[in-house]
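An overview of the molecular structure
Chain by chain, the residues run as shown.
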Amino acid sequence: MAHLTPSSSTSGFFQALPTLPPQYTWSASEQATGSQSDDRVLARVLNLYLPDPPTPQLSKHFHDFSRLVLHPSTLQHTVNAETNQPTLHPLTTFGEINTTDPLRTSEGWRSLKHIQTQAGIVGYGYPQYTLHQTFNRRIHQFATLHLWHGTAALATCPMAMTDGAAVLLRRHLDDPDHDQPGRKQTLTESYRRLTSLDSSYAWTSGQWMTERTGGSDVSNTETTARRMTPSEIQSDFSTDAHGLPLGPWLINGFKWFSSATDADMAVLLAQTSKGLSAFYAPLRRQTPTLSRSGSQMNGVRPQRLKSKLGTKGLPTAELEIKNMRAFLIGTEGQGVKEISSILNITRLHTASGGAGYLSRGLAVSRAYTQVREVRGGLLADNPQHLSWMATETVKYTANTNLVFLGVALLGASEQGDAARTPASSSIIPKDKNTIDVLLRILTPVMKAQVTLNSVSGLQACMESLGGVGYCENNEDGGVMNIARLFRDAAVGPIWEGTTSVMAEDVLRVIKNPKVKTDVLDQVFGEWTRAALQAVRSEFPAEVTIVENRYAALKQMVGGLKAHELHRRGREVLEHIEAVACACLLMYDTCLDKDEVAMAIAKRWVRMIALPSDTVQGGSLGAWEKEVELDRRIFLGSDTLPSTRAQA
Ligand code: UCC
Ligand code: FAD
């Protein structure tokens with residue numbers, strides 16, 4: 001018997017804590033210290049989309065921020081936000097409705113918000129920081145965000161909506177405002193605040209779409225807006241909390257989910273006589289008789305905070321809206337179209353979150369293999385463990401490349417040639433319209449696929465730590481808490497549109513009856529062919545596999561009727577993900593012929609991009625039978641619920 005001394009609570013074996021290296025290490029110090037970037041994928045992505053070599057300012061920013069996100073003083077805010085959840089205080093001492101400060105968030109939450117504003121999580125995506133004019137600003141912004149996700153405890157959620165709102169407002173800054181006096185001044189100042197790096201001046205925005213009637217289909221929205229009469233406007237001397245004019249619309253209704261309840265403003269949907277319209281509203285307002293600190297809620301009353309699986313620090317609430325003053329954004333009746341400017345940005349952020357959480361999860365898993373022994377050897381030397389986690393890393397690498405392609409396209413659309421690099425020349429189209437359509441196709445794909453893979457990947461990361469992976473480890477700065485990341489990641493496939501809604505959105509673009517051209521082939525197909533051409537000599541067999549997979553997608557999209565295609569929409573997402581990631585991984589590998597990158601690309605192609613029988617176009621005409629079988633498999637019933645109800 002090797003151990004005759006019994007263990008106790010204070011003696012015996014105690015697992016050494018794994019050490020998490022920073023995700024990014026500046027190459028100058030890499031040479032000096034021998035340490036490398038722990039997240040090799042991020043380092044490669046930066047090489048692809050930023051000037052080579054990156055400017056010292058940029059490298060230093062990523063280097064320093066990688067250390068800040070793991071610093072104990074930062075991590076303590078994460079744990080604080082996670083364990084001190086927001087609270088509602090709906091009534092005053094004497095039972096009146098609390099219109100002043102009904103919501104309280106934790107100190108940790110507020111500190112995380114300060115840190116991310118100063119780190120440029122939104123601001124670096126915008127042109128006012130002149131240092132950043134000569135490269136793709138969005139890569140700078142989203143690489144910072146990628147480093148931040150694992151620590152941010154979803155303080156990134158309001159930032160996503162803030163970024164989206166800034167993009168929307170920017171499009172409307174020069175709209176004539178004769179019928180809405182003060183609008184230009186208000187929107188201009190809001191835009192400045194949304195994109196600021198100064199946390200004492202910066203604002204965050206909410207995005208209110210979902211109602212009890214439905215979040216996917218918002219056509220039954222019950223919140224209404226009406227224009228105030230001139231005498232109503234003249235008799236109301238309120239401004240927003242900063243003295244900016246309030247809008248001439250009054251909004252009433254109820255929103256079922258609002259995550260950025262502690263925001264400064266919101267963009268929301270409401271019905272007018274011309275249909276669903278988009279509105280801008282500040283969250284607070286004041287009358288001349290109240291001091292600035294005495295500002296009140298702008299007709300908004302949080303009714304209840306949601307009790308959620310994850311996103312614990314995020315104050316997601318149900319909101320009653322009574323006479324909220326607002327400005328109309330864009331054309332009345334075109335609210336969905338207007339707010340989709342926000343959606344496309346927040347979906348990119350959501351996909352980025354999926355990659356970012358998994359990056360942290362894999363980092364913890366990697367670190368643990370260096371300290372945990374099984375059967376007398378380190379996990380890091382166990383072939384089965386390695387094979388399993390290498391597969392997860394392949395998926396992470398593929399998906400991170402997909403997210404950053406989206407980010408690079410956004411930057412190229414906004415900045416033109418200033419955002420281009422020689423290294424990425426074959427995968428960033430030159431023409432703005434092509435860039436925009438490609439991004440429009442890929443955004444729902446990455447939102448859907450990256451978030452789904454993130455949940456399964458984090459499940460694997462938890463398992464890779466054994467039982468401790470399933471625990472809420474908030475000790476030691478909470479850096480070992482993969483369970484938190486898993487819970488937070490699980491909302492990714494739901495909010496900002498579910499996976500099925502993303503599938504429908506892709507079809508909205510590639511099967512748009514108003515567009516006569518074959519958008520899928522002319523844009524995504526063309527992009528795929530260009531990328532494959534660049535890698536054909538290095539990957540001849542893999543290129544054929546990917547071409548076949550693309551052909552299966554084309555056959556499906558071209559051959560199936562609309563209702564059949566809708567039913568199989570998730571397969572369309574998988575096809576596009578498989579093809580796009582294969583192209584990106586092979587393309588990136590060809591730049592330096594890195595052996596590991598090459599193995600990852602080949603594995604992705606063999607594992608994911610290989611077409612199987614199930615991806616061939618469905619047998620036409622058998623649709624009803626397939627639906628019936630789906631129903632019987634899932635529901636165990638031969639009849640439609642509606643038929644049973646009638647019987
Ligand atoms: O969940 C939410 C916030 C959570 C917090 C997020 C934080 C993320 C950060 C994470 C960090 C880690 S806010 C709620 C999100 N809700 C949704 O995403 C709604 C999901 N439902 C949809 O997306 C639906 O597809 C709808 C609502 C867009 C469908 O509405 P309609 O009215 O039926 O759509 P239509 O009629 O097809 O489209 C109306 C117009 C069309 O333009 P025109 O008239 O020119 O043909 C469409 O092409 O809107 C256009 N359109 C779009 N344009 C629709 N969707 C888009 C789009 N995505 N991009 C551009
Ligand atoms: P439903 O729309 O009722 O969907 C139910 C099911 O039907 C889903 O599986 C869906 O995929 C499926 N479905 C719907 N339409 C179709 C279709 N056409 N084809 C096939 N299947 C379909 N909303 C906001 O506006 N602002 C916020 O700040 C916000 N924050 C949130 C925070 C959290 C933590 C969560 C969980 C949600 C938040 N939401 C917010 C709401 C979120 O956007 C919605 O929950 C989401 O869009 C889905 O809407 P729903 O809940 O009404 O589900």
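Residues numbered from 1 in each chain as written. Chains lettered and ligands numbered in written order. Predicted model: local features only at pLDDT ≥ 70, side-chain atom pairs only at ≥ 80, totals over all residues. Heavy atoms only, no water.

1. A short note on the site of ligand 2
- Residues in contact with ligand 2 amount to 20 residues; listed here are only the nearest, Thr-210, Gly-215, Ser-216, Thr-498 and Glu-504.
- For ligand 2, an oxygen atom lies 2.8 Å from a polar atom in the backbone of Met-209.
- Here Ser-259 contributes a backbone N or O atom positioned 2.7 Å from an oxygen atom of ligand 2.
- Burial of ligand 2 by the protein chains amounts to 67% of its free accessible area of 970 Å².
- When contributions to the shell around ligand 2 are tallied by element, the ones reaching two or more residues are strand 3 (205-208), strand 6 (249-258) and helix 14 (499-510). (Near = heavy atom within 4 Å. Polar contact = N/O pair within 3.5 Å; in protein donor to acceptor, adjacent residues only side chain to side chain. Areas by Shrake-Rupley, 256 points an atom, 1.4 Å probe, with all protein chains shown as cover. Helix = DSSP H or I, 4+ residues; strand = E, 2+ residues; numbered from the N terminus.)

2. Looking at the site of ligand 1
- Not every one of the 29 residues close to ligand 1 is listed here, only the nearest: Ser-216, Lys-337, Asn-344, Arg-347 and Lys-514.
- A distance of 2.9 Å separates an oxygen atom of ligand 1 from a polar atom in the side chain of Arg-347.
- Here an oxygen atom of ligand 1 sits 2.7 Å away from a polar atom, N or O, in the side chain of Lys-514.
- Considering ligand 1 on its own, with 1200 Å² of exposed area, one finds that the protein chains cover 78% of that surface.
- The set of elements that each furnish at least two residues to the shell around ligand 1 consists of helix 7 (156-172), helix 10 (335-369) and helix 14.
- Sort the elements by how many residues they give to the shell around ligand 1 and helix 10 lands first, with 10 residues.
- Per-class residue counts for the shell around ligand 1 are 10 nonpolar, 12 polar and seven charged. (Nonpolar A, V, L, I, M, F, W, Y, C, P; charged D, E, K, R; others polar.)

3. Overview of the confidence of the model for the protein
- On average, the protein scores 91 in pLDDT, and the residues at 70 or more come to 91%.
- Contacts for the low-pLDDT stretch residues 613-620, under 50 throughout, to residues beyond four places or in other chains number 15 contacts.
- For residues 643-647, every residue scores under 50 in pLDDT, and the model assigns this stretch two contacts once sequence neighbours within four places are set aside. (pLDDT = per-residue confidence, 0-100. Contact = heavy atoms within 4.5 Å.)

4. Here's the deal with the packing of aromatic side chains
- What the rule picks out here adds up to eight aromatic pairs.
- An angle of 75 degrees between the planes, with centres 6.0 Å apart, marks the rings of Tyr-126 and Tyr-191 as edge-to-face. Pair noted here: Tyr-126 is in the loop between helix 5 (107-118) and helix 6 (137-152) and Tyr-191 is in helix 8 (residues 183-194), with a separation of 65 residues, a long-range link.
- Judged by its relative accessible area of 0%, Tyr-126 is buried.
- Note on Tyr-280 and Phe-327: the rings are 6.4 Å apart at their centroids and 40 degrees apart in plane angle, and the pair reads as tilted. Here Tyr-280, found in strand 8 (residues 275-282), pairs with Phe-327, found in strand 12 (residues 317-329); they are 47 residues apart in sequence, far enough to count as distant.
- Residue class for Tyr-280 comes out buried when judged on its relative accessible area of 0%. (Phe/Tyr/Trp six-rings, centres within 6.5 Å; stacked < 30°, edge-to-face > 60°. Buried < 20%, exposed > 50% of the residue type's maximum accessible area, 1.4 Å probe, protein only.)

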